[in-house]
Amino acid sequence: DSDDMTVVNGDDLVYASVESKGIKASVKDTVDIATEEVATLKEIKVEPSVGSDFEAIIADPDKAELTLKLPSGYEFTAKTAVRINGESVDSINDDDEITIKVSELVKKNLVTKVDTWKITGLEVEAVSAKAGATGTVKIGLTGSDTVSVEAIKVVDYTVTMSVDKDEDVPVIYS
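Summarised in this report is the structure supplied together with it. Counting of residues starts from 1 at the beginning of each chain's written sequence and follows it residue by residue. In keeping with the predicted nature of the model, local features appear solely for residues at pLDDT of at least 70, side-chain atom pairs appear and are counted solely at 80 or more, and the whole-chain, interface and lining totals rest on all residues. To get the side-chain values, all heavy atoms of the structure are used, and hydrogens and water are removed first.

To continue, consider the pattern of salt bridges. Each reported salt bridge corresponds to a side-chain nitrogen of Lys or Arg within 4 Å of a carboxyl oxygen of Asp or Glu. As enumerated under the stated definition, the model contains two salt bridges in all. With a shortest N-O distance of 2.8 Å, K101 and E65 are connected by a salt bridge. Taken together, the positions of K101 in strand 10 (residues 97-101) and E65 in strand 5 (residues 65-69) put the pair 36 residues apart, joining distant regions of the chain. Linking D96 and K69 is a salt bridge whose minimum nitrogen-to-oxygen distance equals 2.9 Å. On the criterion of sequence distance, the pair formed by D96 in the loop between strand 9 (92-93) and strand 10 and K69 in strand 5 is long-range, its members being 27 residues apart. Three exposure classes are used, based on accessible area relative to the maximum for each residue type with a 1.4 Å probe and protein chains only: buried under 20%, partly exposed in between, and exposed over 50%. With a relative accessible area of 24%, D96 lands in the partly exposed category. We classify K69 as partly exposed; its relative accessible area is 33%. What counts as a helix is a DSSP run of H or I of at least four residues, what counts as a strand is a run of E of at least two, and both are numbered from the N terminus.

So this is what it looks like as structure tokens:
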């Protein structure tokens, strides 16, 4: 607003927005999995949507939990060994949901001054999901909204090719 000039049909510009505390999640790529087969999910990255670290969004670490939930048709395997930022963490595996106590993360210094959780080691089985389906992991943190990230793509068949260290790479003709 100015007495010296008049702006006609000007656009509003957002220079600040107020958001509630929460989290955002991402994954670099989906993992292909065939029906009734097992695969390990790619790294899931969780960050605070507001604030510089997780300490700012967790009100009571003793009561807070981080949950990872799969849709129907998928289950976490018994071999799932959750790691956050490379640290092995204790978790409760209830087939389609994994729960991690935030107090466990506090003990491993994964809350104070930490701005990203990189979650790895999630082994998933497509128990009844059909080819063409996608799997979304719902990530929840006590006191924050639940966010979803597409992490699984069900395919007809998976093929893995490997070569021994000292062997020549095979040539395949079609």
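We now examine the sheet that holds strand 12 (residues 123-126). One bridge is not enough; two strands pair if DSSP finds at least two bridges between them. If you walk across this open sheet you meet the three strands as 3-12-6, and the pairing is antiparallel. At either margin of the open sheet sits one strand with a lone partner, and together these are strand 3 (38-40) and strand 6 (74-76). Each strand axis lies, on average, 30 degrees off the axis of its neighbour in the sheet, ignoring direction. The sheet contact formed by strand 6 and strand 12 spans three bridges and is antiparallel. Within strand 12, the position partnered with E75 by the bridge is E125. To obtain each axis, a line is fitted to C-alpha atoms, and for helices this fit is confined to the stretch in contact; angles are then taken between N-to-C directions over 0 to 180 degrees.

Our focus in this paragraph is the nonpolar core. Put simply, a nonpolar core is a bunch of buried Ala, Val, Leu, Ile, Met, Phe, Trp, Tyr and Cys residues held in one set by side-chain atoms that sit within 4.5 Å of each other. Ranked by internal contacts, the top residues of the largest apolar core, which has 41 residues, are I44, F54, I84, W117 and I139. What I139 contacts, discounting residues up to four positions off in sequence, is I23, A25, I44, V46, L66, T67, L68, D145, T146, V147 and V149. We call two residues in contact when some of their heavy atoms are within 4.5 Å.

All right, on to the sheet that holds strand 1 (residues 23-27) then. In space, the five strands of this open sheet follow the order 1-4-11-7-8, with antiparallel pairing throughout. A strand with exactly one partner marks an edge of an open sheet, and here the two such strands are strand 1 and strand 8 (87-88). Two strands pair when backbone bridges link them, and strand 1 and strand 4 (residues 44-48) are joined in this way by five bridges, in the antiparallel orientation. Bridging across to strand 4, S26 finds its partner in K45.

To continue, consider unusual backbone geometry. A negative phi holds for most residues other than glycine; trans holds for most peptide bonds. Positive phi outside glycine occurs at E36, with the angle close to 65 degrees. Take E36: it is sitting in the loop between strand 2 (31-34) and strand 3. Looking at E36, the relative accessible area reads 59%, which means it is exposed. With phi around 60 degrees, K113 is a residue other than glycine that occupies positive phi space. Within the secondary structure layout, K113 lies in the loop between helix 1 (102-107) and strand 11 (117-120).

Right, let's get into the packing of aromatic side chains. Centres within 6.5 Å make a pair out of two Phe, Tyr or Trp rings, where for Trp the six-membered ring is used; the pair is then stacked when the planes are under 30 degrees apart, edge-to-face when over 60, and tilted otherwise. Scanning all chains against the criterion turns up one aromatic pair. Between F54 and W117, the ring centres sit 3.7 Å apart and the planes meet at 5 degrees, which makes this aromatic pair stacked. Linking F54 in the loop between strand 4 and strand 5 with W117 in strand 11, this pair joins segments that are 63 residues apart in sequence. Residue F54 is classed as buried on the basis of its relative accessible area of 0%. Exposure remark for W117: the relative accessible area of 0% places this residue in the buried category.

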